[in-house]
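# Structural features, examined
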Amino acid sequence: MKIGVIGGGAWGTALAQVAARGGDPVLLWAREPDVVASINQTHENSRFLAGIALPPSIRATGALGDLAACDALLVVAPAQHVRAVLAETPVGTTPLVLCAKGIEAGTQFLVGEVAQQLHPEAPIAVLSGPTFAHEVAAGQPTAVTLACADAALGAALADRLASPSFRPYASTDVIGAEIGGAVKNVLAIACGVVEGAGLGQNARAALIARGFAEMTRFGLARGARAETLSGLSGLGDLVLTCSSTSSRNFSLGMGLGQGKCAADLLADRLTVAEGAFTAPVLRDAAAAAGVDMPVVEAVCALLDGREVHAVVGALLARPLRPE
């Protein structure tokens, strides 16, 4: 099974590394010409994943049409750009493994719904879980959820990507895997705010627990299964991204907690903090579904420029109720 990867950032490059560990050829599409040149000439993505040696079996291209010869495509473009990229990609019936985490602005579509709208003949799978790209690329132990409605296809994809250090656990709950990945990005911003504002470890632990309750309420309303949300792609990913500065969303939240402006923080980033774009879409989708998500609403207020202690104070002043 020849794998193609759409997206030449750190995560796309790390997944190309995973797919190439058995010596199989992998074709990686990147928008940036310097990334294509760096991978092909020096076998390193010096812009996004410096210091990680890539095998010669990974070849990069700047032409989406070259992916037509692949047997499966890992879609690792940022969630808000997936529609534009997939619209130009020759897909047909090629399986799409969605590795971006977010909800599309405007439509409130999950990434899988965007892909299905554009390519209705293509089988859809979702790869999600607690994954920092640099650790995956370095071969450190990692476990993920690989969700696919077609269990046989999901098993084949998991077998193709699996290695002793990269373990995909099969699921058929595509919606649950997507929602966990999208919501945890927003909650990671909130936990970063707690760190940046110096509110303590107790507050962070409480926020993770209450945030997970919000994730579960929203996921169940959208048709997810509770066991998926409590697994690797939900709770597992939430714990990772809410506790490390290696998380782009957590780092963004730290800046907000220190009183910095969201626009300045986002403009100063080489990589995308997906939670900043997902937060307002998630807030609106939750309101439309009648789901209460006060932590998500608080993140939106901070991104809109509200003062940190005012937002935290309002959150803490909410009426007490049974857990």
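Residues numbered from 1 in each chain as written. Predicted model: local features only at pLDDT ≥ 70, side-chain atom pairs only at ≥ 80, totals over all residues. Heavy atoms only, no water.

## Focus on the overall build of the protein
Assigned secondary structure in the protein consists of 15 helices and 8 strands. Expressed along its principal axes, the backbone C-alpha trace of the protein runs to roughly 55 × 35 × 35 Å. Counting only residues that meet the buried cut, the protein has 54% of its 323 residues in that class. (Helix = DSSP H or I, 4+ residues; strand = E, 2+ residues; numbered from the N terminus. Buried < 20%, exposed > 50% of the residue type's maximum accessible area, 1.4 Å probe, protein only.)

## Thoughts on helix H7 (residues 174-196)
With 23 residues, H7 should cover 33 Å at 1.5 Å per step; its first-to-last C-alpha distance of 34 Å lies within 8% of that length. Taken across its 23 residues, H7 has 21 buried, putting it largely inside the fold. Where H7 terminates, the next one or two residues include Gly198, which has phi positive at roughly 70°. (Expected span 1.5 Å × (residues − 1).)

## Remarks on the sheet that holds strand E2 (residues 26-29)
With mixed pairing, the 8 strands of this open sheet are ordered in space as E3-E2-E1-E4-E5-E6-E7-E8. Pairing within the sheet leaves two strands with one partner each, and these edge strands are strand E3 (58-61) and strand E8 (166-171). On average, each strand axis in the sheet is tilted by 25° relative to the strand beside it, whichever way the strands run. Each of E2 and E3 is contacted by helix H2 (residues 33-42), which is oriented at about 150° to E3, the strand it contacts most. In the packing of helix H10 (residues 232-241) onto the sheet, the strands contacted are strand E6 (124-128), strand E7 (142-148) and E8, and the crossing angle to E7 comes to about 145°. (Pairing = 2+ DSSP bridges. Axes fitted to C-alpha atoms, helices over the stretch in contact; angles between N-to-C directions. Contact = heavy atoms within 4.5 Å.)

## Quick word on unusual backbone geometry
Unusually for a residue other than glycine, His43 sits at a positive phi of about 55°. Along the chain, His43 turns up in the loop between H2 and E3. If you check the backbone angles, Gln108 has positive phi at about 60° while not being a glycine. By the secondary structure assignment, Gln108 is in the loop between strand E5 (96-98) and helix H4 (111-118).

## Section: the environment of Gly154
With respect to the element layout, Gly154 can be found in helix H6 (residues 151-161). Gly154 sits in the buried class, given a relative accessible area of 4%. Separated by 24 residues in the primary sequence, Gly154 and Glu178 place their C-alpha atoms 15 Å from one another.

## Remarks on the side chain of Arg160
In this fold, Arg160 is placed in helix H6. Overall, Arg160 belongs to the buried group, its relative accessible area being 13%. Of note is the side chain of Arg160, whose polar atom sits 2.8 Å from the backbone oxygen of Ala19. Not counting the four nearest positions on each side in its chain, Arg160 is found in contact with Met1, Ile3, Ala19, Asp24, Pro25 and Val26. (Polar contact = N/O pair within 3.5 Å; in protein donor to acceptor, adjacent residues only side chain to side chain.)

## Section: the state of the cysteines
Using the criterion set out here, one finds 0 disulfides in the structure. Considering cysteine sulfurs only, Cys99 is the nearest to Cys70, which forms no disulfide, with 14 Å between them. With no disulfide partner, Cys191 has as its closest neighbouring cysteine sulfur the one in Cys242, 3.5 Å distant. Judged by relative accessible area, Cys191 falls into the buried class, the value being 1%. (Disulfide = S-S within 2.5 Å.)

## Observations concerning the layout of surface pockets
The calculated volume of the largest pocket comes to roughly 1100 Å³. The wall of the largest pocket is formed by 38 residues, among which Ala10, Trp11, Arg248, Thr271 and Val272 lie closest to the centre. In terms of residue class, the lining of the largest pocket is built from 16 nonpolar, 14 polar and 8 charged. Computed from the structure, the second largest pocket encloses a volume of approximately 770 Å³. Arg210, Val295, Leu315, Leu316 and Arg318 are, among the 25 residues lining the second largest pocket, the residues nearest its centre. (1 Å grid on protein atoms, 1.4 Å probe; cavity = no way out; pocket = protein on both sides within 12 Å on 5 of 7 lines; lining within 4 Å. Points joined across faces, edges and corners; volume = space filled by probe spheres on them. Nonpolar A, V, L, I, M, F, W, Y, C, P; charged D, E, K, R; others polar.)

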